[in-house]
Amino acid sequence: MMNRRYDVLLCDADNTIFDFAQAEVYAFADACAYGGLEPTKELLHTYSEINEALWKLLEQGGITQKVLRVRRFEQFLEAIGRTDIDAPGMAQAFVDSLGRQSVPIDGAI
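Caption draft 1: Here's a closer look at helix α2 (residues 41–59). Taking 1.5 Å per residue as the helical rise, α2 with its 19 residues ought to reach 27 Å, and the 26 Å between its terminal C-alpha atoms agrees with that figure. For α2, the set of buried residues is Leu43, Tyr47, Ile50, Asn51 and Leu54. The arc that holds the buried residues of α2, viewed along the axis, is 100°, so those residues lie on one side. With respect to the buried face of α2, the exposed residues turned more than 90 degrees away are Lys41, Glu42 and Glu59. Two residues or fewer after α2 comes Gly61, characterised by a positive phi angle close to 80°.

Structure follows, in structure tokens:
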């Protein structure tokens, strides 16, 4: 007979088991592919700055996560002068791709 000490075990997978930063890079590349863009380091840097600022705004209660998910791509596309690209579609491509990533951090396996 097995002696159970815990009913539930919670584990924070991001940056504990999975490399979230690398997963985000791959998801950004997939979002760029959706929009017909080449995912350069410069574009990733522009996106990352915008995304970080919006997450800070979220933490302060100035925006919802639902709005953030699309606004980061709207602002990104405005910043690179490509407002002809479907920001909500890029946002969905990013979220879908991020959910499929499973890049383990070193030593996790």
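Resuming the write-up.
Caption draft 2: Layout of the packing of aromatic side chains. Evaluation of the coordinates by the stated rule reveals six aromatic pairs. Arranged with centres 5.6 Å apart and planes meeting at 80°, the rings of Phe28 and Phe76 form a pair that is edge-to-face. Here the residue Phe28 occupies a position in helix α1 (residues 20–35), and Phe76 occupies one in helix α3 (residues 65–79), the gap between them amounting to 48 residues. Under the relative-accessibility criterion, Phe28 is labelled buried at 2%. Among the residues examined, Phe76 registers a relative accessible area of 0% and is labelled buried.

Caption draft 3: Examining the nonpolar core more closely. In this structure, Phe28, Leu37, Phe73, Phe76, Leu77, Met90 and Phe94 are the most contacted members of the largest nonpolar core, which totals 19 residues. Contributing elements (two or more residues each) for this core: α1, α2, α3 and α4 (87–100). Each residue touching Phe28, except ones within four places of it in the same chain, is listed here: Pro39, Leu43, Leu44, Tyr47, Phe76 and Phe94.

Caption draft 4: Expanded view of the environment of Leu57. Within the fold, Leu57 resides in helix α2. Overall, Leu57 belongs to the partly exposed group, its relative accessible area being 30%. The spatial distance from the C-alpha of Leu57 to the C-alpha of Lys41 is 24 Å, given a sequence separation of 16 residues.

Caption draft 5: Broad picture of the pattern of salt bridges. Inspection of the entire model under this criterion finds three salt bridges. Here Asp30 makes a salt bridge to Arg100, at a shortest N to O gap of 3.9 Å. A residue pair is termed long-range when its members are at least 10 positions apart, and Asp30 in helix α1 and Arg100 in helix α4 qualify at 70 residues. Look at Asp30 and you get partly exposed, because its relative accessible area is 33%. The salt bridge involving Arg82 is made with Asp84; its shortest N-O contact spans 3.0 Å. On the accessibility criterion, Asp84 (57% relative accessible area) is exposed.

Procedures and definitions
- Residues numbered from 1 in each chain as written.
- Predicted model: local features only at pLDDT ≥ 70, side-chain atom pairs only at ≥ 80, totals over all residues.
- Heavy atoms only, no water.
- Helix = DSSP H or I, 4+ residues; strand = E, 2+ residues; numbered from the N terminus.
- Expected span 1.5 Å × (residues − 1).
- Buried < 20%, exposed > 50% of the residue type's maximum accessible area, 1.4 Å probe, protein only.
- Arc of directions from axis to C-beta.
- Phe/Tyr/Trp six-rings, centres within 6.5 Å; stacked < 30°, edge-to-face > 60°.
- Core = buried A, V, L, I, M, F, W, Y, C linked by side-chain atoms within 4.5 Å.
- Contact = heavy atoms within 4.5 Å.
- Salt bridge = Lys/Arg side-chain N within 4 Å of Asp/Glu carboxyl O.

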